[in-house]
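A look at the structure
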Amino acid sequence: MTPPDAAEVGKRAAAEAATALIESGMVIGLGTGSTVAFVLDLLARRIHKEGLTVAGVPTSLYTEERARALGIPLTDLDPVRALDLAIDGADEIETRTFSIIKGLGGALLREKIVAFSAQRFVVVADESKLVPQLGVRVPVPVEIVRFAHAATARRIEQLGGRAVLRLKAGGEPFVTDNGNFIYDVYALGPIADPARLERDIAAIPGVVESGLFTLGVASVFVGYASGTARMLRAPA
């Protein structure tokens, strides 16, 4: 059997630490991505072994299907006044401000809606996701309506960077769960002011949402290759 690599060990450690926050009676936002996959497995185990009573709100069709397969009860966000907790991953985490980049998996819009509907939003990640400034390693994903999408992308490029339409393996455009396209914006980093860039991108007609999350992260659970995890609290 091939031993897990350091990143996988870290992801699982972070997921274990965050899943321990879940209590019976909670309604939980369930994120999308490789680290959250561990959260789903661990949550399902607690439900079956401990009799934990919870309901989850998934951020993607993939997470919904996986949660149902694991026996995790699901609900919709609309009838819920506020989620008790939302757990999601990140593609980059700025250590100084806890601003993050999400969306390489394509679920950024639903992820942001769920995160902002939670009383507490926590991020799980292995240590490789920590950066001093955003945009150093990954592009900023931007979800765009299909109508005149290339024109919208050109407007985004006026803010800096290079916008590239995300394609699937066969060469056709990637389509989000919401029926939109995604442009990945490269060469924006290091991003000096993520909050301002988030606002500037959002102001462009045709933009649905960006993968910049600059508000709302309460804490980050970072997992390490040693199998340990550390909770980082949001800056005051």
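Keep in mind it's a predicted model, so treat the numbers as computed, not measured.

As for the layout of surface pockets
Gaps left between atoms are located by rolling a probe of water-molecule size over the structure's atoms. Approximately 230 Å³ is the volume attributed to the largest pocket. Lining the largest pocket are 13 residues, and of these Val-57, Pro-58, Asp-76, Leu-77 and Arg-110 sit closest to its centre. Broken down by secondary-structure element, the contributors of at least two residues to the lining of the largest pocket are strand S2 (55-58), helix H3 (61-70) and helix H4 (108-116). Among the elements that make up the lining of the largest pocket, the one with the highest residue count is H4 (3 residues). By residue class, the composition of the lining of the largest pocket is 6 nonpolar, 3 polar and 4 charged. Here the second largest pocket defines a volume of roughly 200 Å³. Taken together, 18 residues line the second largest pocket, and the ones lying closest to its centre are Thr-32, Gly-33, Ser-34, Ala-90 and Asp-91. Mapped onto the lining of the second largest pocket, the elements with two or more residues apiece are helix H2 (34-50) and strand S6 (121-126). Looking at the lining of the second largest pocket residue by residue, the classes come out as 5 nonpolar, 8 polar and 5 charged.

Notes on the packing of aromatic side chains
Counted according to the given criterion, the structure contains 0 aromatic pairs. When the ring centre of Phe-213 is taken as origin, the NZ or CZ atom of Lys-112, which lies over that ring, is 4.8 Å away. One cation-aromatic arrangement involves Arg-166 over Phe-174; the distance from NZ or CZ to the ring centre is 5.5 Å.

Section: the side chain of Lys-129
Residue position: Lys-129 is located in the loop between S6 and strand S7 (130-131). Excluding residues that lie within four positions of it along the chain, Lys-129 makes contacts with Lys-11, Ala-90, Asp-91, Glu-92, Ile-93 and Arg-137.

A few points about the pairing of strand S14 (residues 229-233)
Where strand S13 (residues 217-223) and S14 come together, 5 bridges link them in antiparallel fashion. Looking at the pairing, Phe-221 lines up with Met-231 of S14. Here S13 folds back onto S14, and the loop between the two strands holds 5 residues, one of which, Gly-227, carries a positive phi near 90 degrees.

Cut-offs applied
Residues numbered from 1 in each chain as written. Predicted model: local features only at pLDDT ≥ 70, side-chain atom pairs only at ≥ 80, totals over all residues. Heavy atoms only, no water. 1 Å grid on protein atoms, 1.4 Å probe; cavity = no way out; pocket = protein on both sides within 12 Å on 5 of 7 lines; lining within 4 Å. Points joined across faces, edges and corners; volume = space filled by probe spheres on them. Helix = DSSP H or I, 4+ residues; strand = E, 2+ residues; numbered from the N terminus. Nonpolar A, V, L, I, M, F, W, Y, C, P; charged D, E, K, R; others polar. Phe/Tyr/Trp six-rings, centres within 6.5 Å; stacked < 30°, edge-to-face > 60°. Lys NZ or Arg CZ within 6 Å of the ring centre and 35° of its normal. Contact = heavy atoms within 4.5 Å. Pairing = 2+ DSSP bridges.

Any link to function would need more than the numbers given here.
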